[in-house]
Amino acid sequence: MSRVTLAVLMSLMALACSEPPSSPTFSKNSKAAGLETSADSGQKKNGKQDGRPNDGQDPDANASPGVGDDSRQPSKPVKGQDKPMRYTVMKLDQDGADFTFAKLQITLAEKIEGTGFKRYAYDPKAASIKPDQKEAIAKICETISFQQAAGGLATLSWRSYFSDSVKKKLVEAGLEGHTGLLCVLELGTGALNGRRYLVFDPMPSVEENLVGAVDKKKMVRFGLMSLLKSQTVVSLEAASLIELGMALTQPLAVRALNGEQVKIDSSLSPGEECWYNAARAMPVVGDPNHTLKMTQALSSSQPFRMSPLVGVPLNGKLAPSCGKLNHMLTNNSLTADISCGLYHAIKAEGSEASCQWSTLIENTDDPENAFPVFLGMNKMPFRTVSFKDWKDVEKYRVIPEHGENPVRRNTIKFQGFSSEQLKSAEIILDVLLSVSPDLTRRTLLETIKTMIAETARDCSNPQVGGFAQIGGDTFYWCQGWIVSKNVFNVAIAGQIIIHESLHAMGRYHDIDRKDYPPCAGTANSALLGRDLHAICNADFCPALKPMADALMFQEMSYSLANDDRRFQGACKDWQNDMGLTDNQIRNSKR
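Residues numbered from 1 in each chain as written. Predicted model: local features only at pLDDT ≥ 70, side-chain atom pairs only at ≥ 80, totals over all residues. Heavy atoms only, no water.

### A closer look at the overall build of the protein chain
Then comes step 1: Looking only at helices and strands, the protein chain features 15 helices and 28 strands.
Then comes step 2: Burial status across the protein chain gives 52% buried among its 590 residues.
Then comes step 3: Counted over contacts in the protein chain with a minimum sequence separation of 6, partners at least 24 positions apart contribute 74%.
Then comes step 4: Of the roughly 25,900 Å² of accessible surface on the protein chain, 50% is carried by carbon and sulfur atoms. (Helix = DSSP H or I, 4+ residues; strand = E, 2+ residues; numbered from the N terminus. Buried < 20%, exposed > 50% of the residue type's maximum accessible area, 1.4 Å probe, protein only. Contact = heavy atoms within 4.5 Å. Areas by Shrake-Rupley, 256 points an atom, 1.4 Å probe, with all protein chains shown as cover.)

Here it is in structure tokens:
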């Protein structure tokens with residue numbers, strides 16, 4: 001196991017992958033201590049490349065392994081006579097990359113004495129290996145099975161997929177110097193002429209040296225145990241061998257599961273989004289309590305189970321805000337509710353990449369085929385909203401709920417309003433109280449006691465928005481104008497309410513009272529346009545401000561039609577505040 005390989009493995013153990021799903025890639029340098037590869041890699045038997053499958057068959061065969069006589073002690077090696085068994089692969093029954101067990105039929109190049117076999121874990125530094133690491137390599141090597149038939153034929157099988165926890169122990173051993181861990185199968189007795197053996201690499205790194213799968217890149221990529229070519233030589237010194245018992249594992253015909261097969265479909269609540277409020281001097285998170293649902297659905301052609309999520313630290317620590325996310329696991333899907341404010345806090349602490357989790361994926365048909373998949377947080381695009389469009393005002397609900405709104409406070413009796421009309425009235429009154437709170441208080445709130453959604457009398461004329469009697473306390477709101485779906489209706493409806501409230505206070509149209517000071521009659525409602533232009537600073541103001549001039553023109557052309565008081569006193573002051581000229585007022589039309 002090379003230093004470079006160990007560094008990669010160590011990082012995989014500590015860090016989440018940046019592009020889930022993923023599975024750890026375990027590999028090991030085949031030129032580790034005690035292992036050599038022959039320069040003659042082209043040796044052929046019967047016209048076939050030695051040690052390579054001669055076909056790509058992938059049957060669901062599941063023959064039981066043979067069990068040899070394991071009562072003897074390891075033969076004392078005779079220096080120079082122990083040799084790797086040469087063999088030819090006849091048939092690949094189960095591809096080790098596609099099944100959790102590899103299984104193949106081979107022909108041995110020479111006769112072996114007896115039918116027994118021995119399995120060892122091989123480690124040039126076996127004396128110093130830790131018990132848990134020794135247990136891990138033993139668990140791997142004990143799955144090798146050998147069954148001999150007539151004519152030198154034999155069936156060989158072994159587990160190719162192991163759990164992530166077992167592999168991590170091998171990685172830990174490699175980091176501590178045990179870089180030459182292998183599995184060895186000793187065939188027959190053969191003490192007189194030296195022992196014959198086959199060698200297996202539990203975490204291979206050199207594709208060309210492997211046997212047991214058609215796609216050898218997968219064997220390296222996923223760290224799948226492989227039979228090594230017959231040229232592979234090890235030194236069977238007793239100090240390097242860890243003798244194993246006979247805890248054979250029945251070879252399973254189970255389709256393997258790996259990180260490439262697990263797909264993740266990430267999604268957010270349909271149609272929902274977070275946004276920044278650009279109407280403020282410094283853009284801020286709009287509606288920070290607005291919550292979206294993040295979903296990550298995992299799927300694979302092979303059935304699997306998932307474990308609960310575990311946080312994965314980035315650069316040695318978890319971002320504090322990440323811990324505030326609570327995931328729920330249901331039917332191989334993970335969901336989490338996240339507020340726009342929390343997501344912004346996570347971004348402020350680093351980035352979305354700072355929140356990662358891992359879940360253990362376990363093959364339902366073979367629990368030993370298990371590996372972690374790393375999941376990152378869904379990226380949530382924020383829209384920047386300036387609220388120059390009334391549709392955005394409605395969509396993002398930025399009209400503040402004013403504490404004096406008579407709909408919520410029940411200080412005005414509303415008659416004949418549908419629930420939709422009442423909600424619209426509530427929005428328009430919130431706008432009035434935000435734009436011109438003083439004007440609205442001294443007119444509407446101090447005068448009107450009842451509002452009636454009217455369709456008859458003056459309201460039979462579609463051009464009429466509402467009416468009130470001089471000196472009364474009731475405002476008749478024509479139902480066609482009780483709307484808040486566009487900026488024109490909101491602005492005009494607001495001015496109608498103020499205009500008719502002034503009537504209820506006893507005020508007449510200015511043109512009917514020549515003794516009125518400028519804008520002292522119903523033209524006083526033009527103050528709404530001035531306030532909207534000059535002092536309105538609510539989030540929705542950018543959408544309404546284009547209506548300010550229209551409100552001023554409306555009252556000057558109606559309450560003070562052709563009256564020079566339009567250019568005097570309070571009227572003139574308001575026009576100056578808005579930057580309007582006399583000619584603009586004079587030439588304006590209702």
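### Section: the environment of Trp477
Then comes step 1: Examined against the element boundaries, Trp477 turns out to sit in strand S28 (residues 474-478).
Then comes step 2: For the pair formed by Trp477 and Val464, sequence separation is 13 residues and the distance between their alpha carbons is 9.2 Å.

### Looking at the sheet that holds strand S25 (residues 413-415)
Then comes step 1: On the basis of which strands lie adjacent, the open sheet formed by 4 strands has the order S25-S26-S28-S27 and mixed pairing. The strands lining the two open edges of the sheet, one partner per strand, are S25 and strand S27 (466-468). Pairs of neighbouring strands in the sheet enclose a mean axial angle of 20°, with direction left out of account.
Then comes step 2: By the bridge criterion, 3 bridges tie S25 to strand S26 (residues 450-454) in an arrangement that is parallel. Bridge assignment links Phe414 to a residue of S26, and that residue is Met451. (Pairing = 2+ DSSP bridges. Axes fitted to C-alpha atoms, helices over the stretch in contact; angles between N-to-C directions.)

### A few points about the pattern of salt bridges
Then comes step 1: In total, this model carries 30 salt bridges according to the counting rule given.
Then comes step 2: The shortest N-O distance in the salt bridge between Asp366 and Arg159 comes to 3.0 Å. Separated by 207 residues along the polypeptide, Asp366 in strand S23 (residues 366-376) and Arg159 in strand S8 (residues 153-159) bring together distant segments of the chain.
Then comes step 3: The buried category is assigned to Asp366, whose relative accessible area is 3%.
Then comes step 4: One salt bridge in this structure joins Asp531 and Arg530, with 3.0 Å as the shortest N-O distance.
Then comes step 5: By relative accessible area, which is 5% here, Asp531 ends up buried.
Then comes step 6: Connected via shared salt-bridge partners are Glu273, Arg383, Asp392 and Lys395. (Salt bridge = Lys/Arg side-chain N within 4 Å of Asp/Glu carboxyl O.)

### Quick word on the side chain of Asp430
Then comes step 1: On the secondary structure map, Asp430 appears in helix H8 (residues 419-435).
Then comes step 2: A relative accessible area of 4% places Asp430 in the buried class.
Then comes step 3: In this structure, Asp430 is in contact with Ile399, Pro400, Glu401, His402, Asn405 and Arg408, ignoring residues within four places of it in sequence.

### What to know about the packing of helix H9 (residues 437-447) against helix H10 (residues 487-504)
Then comes step 1: Contact pair H9 / H10: the axes reach a minimum separation of 9 Å and the direction vectors enclose 60°. For the element pair H9 / H10, the angle class is oblique. For the pair H9 and H10, the crossing hand works out as left-handed. Counting all contacts with H9, which are made through Leu439, Thr440, Thr443, Leu444 and Thr447, the residues of H10 involved are Ile497, Ile498, Ser501, Leu502 and Ala504.
Then comes step 2: For the contact of H9 with H10, the class distribution of residues is 6 nonpolar, 4 polar and no charged. (Parallel < 35°, antiparallel > 145°, perpendicular 65-115°, else oblique. Left-handed = near helix turned anticlockwise from the far one by under 90°. Nonpolar A, V, L, I, M, F, W, Y, C, P; charged D, E, K, R; others polar.)

### Points about the nonpolar core
Then comes step 1: Judged by nonpolar contacts, the single largest core of 67 residues is most densely connected at Trp390, Met451, Trp477, Ile497, Phe540 and Met556.
Then comes step 2: By residue number, the principal contributor to this core is H10, which donates 9 residues.
Then comes step 3: Setting aside residues up to four positions removed in sequence, Met451 forms contacts with Ile412, Lys413, Phe414, Gln415, Phe417, Leu429, Leu444, Phe475, Trp477 and Ile497.
Then comes step 4: Formed by 40 residues, the second largest nonpolar core is a distinct cluster that contains Ala121, Ala138, Val166 and Met203. (Core = buried A, V, L, I, M, F, W, Y, C linked by side-chain atoms within 4.5 Å.)

### Topic: the confidence of the model for the protein chain
Then comes step 1: In the predicted model, the protein chain carries a mean pLDDT of 83, and the fraction of residues at 70 or more is 84%.
Then comes step 2: Here residues 1-79 is a poorly scored stretch, pLDDT under 50, and it has 230 contacts once near neighbours within four places are set aside; other chains count. (pLDDT = per-residue confidence, 0-100.)

### Considering helix H14 (residues 569-578)
Then comes step 1: Among all positions in H14, only Cys571, Trp574, Gln575 and Met578 are buried. For H14, the arc enclosing every buried residue in end-on projection is 100°, short of the 170-degree limit, so these residues lie on one face.
Then comes step 2: Looking at the buried positions of H14, the neighbouring elements they touch are helix H11 (527-534), helix H13 (548-558) and helix H15 (582-587).
Then comes step 3: Backbone geometry just after H14 places Gly579 at a positive phi near 75°. (Arc of directions from axis to C-beta.)

### Examining unusual backbone geometry
Then comes step 1: Here Asp287, not a glycine, exhibits a phi torsion of approximately 50°, which is positive.
Then comes step 2: Along the polypeptide, Asp287 turns up in the loop between strand S16 (284-286) and strand S17 (291-299).
Then comes step 3: The class of Asp287 is partly exposed, set by a relative accessible area of 28%.
Then comes step 4: A positive phi is found at Asn410, a non-glycine position, where the angle reads about 60°.
Then comes step 5: Along the polypeptide, Asn410 turns up in the loop between helix H7 (406-409) and S25.

### Digging into H11
Every α-helix winds through 3.6 residues per turn, so residues three or four apart in the chain are directed the same way.
Then comes step 1: Burial analysis of H11 places 6 of its 8 residues in the buried class, which makes it a mostly covered element.
Then comes step 2: Three or more residues of H11 are buried, namely Leu527, Leu528, Gly529, Arg530, Asp531 and Leu532.
Then comes step 3: Tucked inside the fold, the buried residues of H11 contact H8, H9, H10, helix H12 (541-544), H13 and H14.

### Looking at the packing of aromatic side chains
The way to describe two aromatic rings as a pair is by their centre distance and the angle between their planes.
Then comes step 1: In total, this model carries 12 aromatic pairs according to the counting rule given.
Then comes step 2: Ring plane angle 80° and centroid distance 5.4 Å describe the contact between Phe414 and Phe417, whose orientation is recorded as edge-to-face. Phe417 matches Phe414 in its accessibility class, with the two residues each being buried.
Then comes step 3: Both rings, one in Phe475 and one in Trp477, keep their centres 5.8 Å apart while their planes meet at 45°; by these two values the pair is tilted. Residues Phe475 and Trp477 agree in their burial class; the two are buried.
Then comes step 4: Members of the aromatic cluster, each reached through a chain of ring pairs, are Phe414, Phe417, Phe475 and Trp477.
Then comes step 5: Just above the ring of Tyr476 sits the side chain of Arg457; from NZ or CZ to the centre is 4.4 Å.
Then comes step 6: One Lys or Arg, Arg513, reaches over the ring of Tyr508 and ends 3.9 Å from the middle of that ring. (Phe/Tyr/Trp six-rings, centres within 6.5 Å; stacked < 30°, edge-to-face > 60°. Lys NZ or Arg CZ within 6 Å of the ring centre and 35° of its normal.)

### Thoughts on the sheet that holds strand S20 (residues 327-330)
Then comes step 1: Strand order in the open sheet formed by 4 strands is S14-S17-S21-S20, with antiparallel pairing between adjacent strands. Edge strands, defined here as strands with exactly one partner in the open sheet, are strand S14 (263-268) and S20. For this sheet, the mean angle separating the axes of adjacent strands, direction not counted, is 20°.
Then comes step 2: Judged from the 7 bridges that link them, S17 and strand S21 (residues 333-339) form a sheet pairing that is antiparallel. Residue pairing in the sheet places Lys293 in a bridge with Asp337 of S21.
Then comes step 3: Its contacts with the sheet put helix H5 (residues 340-349) on S17 and S21, and the angle it makes with S21 is roughly 95°.

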